[in-house]
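Working through the structure, step by step
Listed here are the chains, written in short residue letters.
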Amino acid sequence: MGGVFFFRWPHFRNFRRALRPPDQARLDTLFAAARQHTAAISLADHALPFEAILLAMLLEQQRRIEQLESERIELEREEEEEEAEA
């Protein structure tokens, strides 16, 4: 199915071309994120190929959300410590 992943990307060229440049970059980022999970995508033989690709994209989005949330909590903790020291 990994081969299918690379096969699918060219089919979205017209879709990508219709997007604004910032959104083209976002789409490229999503597909790049999905490529990090080609092994898992190849094992999702029960799903349609594009479903597995979308799931890989969501997985990377969730990881990024959790990373940002963790950073926000750390920043809030630092601010609270600075306020307590002041």
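The structure this text deals with has already been given above.
This text gives an overview of the structure that appears in the document. This is a predicted model, so every value here is computed, not measured. (Residues numbered from 1 in each chain as written. Predicted model: local features only at pLDDT ≥ 70, side-chain atom pairs only at ≥ 80, totals over all residues. Heavy atoms only, no water.)

1. Re helix H5 (residues 49–85)
Taking 1.5 Å of rise per residue, 37 residues should cover 54 Å, and H5 covers 55 Å from first to last C-alpha, within 8% of that figure. Regarding H5, the residues found buried are Pro49, Ala52, Ile53, Ala56, Met57 and Glu60. (Helix = DSSP H or I, 4+ residues; strand = E, 2+ residues; numbered from the N terminus. Expected span 1.5 Å × (residues − 1). Buried < 20%, exposed > 50% of the residue type's maximum accessible area, 1.4 Å probe, protein only.)

2. Some details on the pattern of salt bridges
Across all of its chains, the model carries seven salt bridges by this definition. Between arginine 26 and aspartate 23 there is a salt bridge, with its nearest N and O atoms 2.6 Å apart. Here aspartate 23 and arginine 26 lie together in helix H3 (residues 21–35), a separation of three residues that amounts to about one turn. Arginine 63 is paired through a salt bridge with glutamate 60; the nearest N and O atoms lie 2.4 Å apart. Residue arginine 63 and its partner glutamate 60 are located together in helix H5, separated by three residues, close to a single helical turn. Look at arginine 63 and you get partly exposed, because its relative accessible area is 48%. Relative accessible area serves as the criterion here: at 10%, glutamate 60 is assigned to the buried category. (Salt bridge = Lys/Arg side-chain N within 4 Å of Asp/Glu carboxyl O.)

3. Some points on the environment of alanine 44
If you trace the backbone, alanine 44 turns up in the loop between helix H4 (38–43) and H5. Through-space distance from the C-alpha of alanine 44 to that of glutamine 67 is 26 Å; in sequence the pair is 23 residues apart.

4. Observations concerning H3
The terminal C-alpha atoms of H3, which comprises 15 residues, lie 21 Å apart, in line with the 21 Å expected from a rise of 1.5 Å per residue. Of the residues making up H3, those classed as buried are Gln24, Leu27, Phe31, Ala33 and Ala34.

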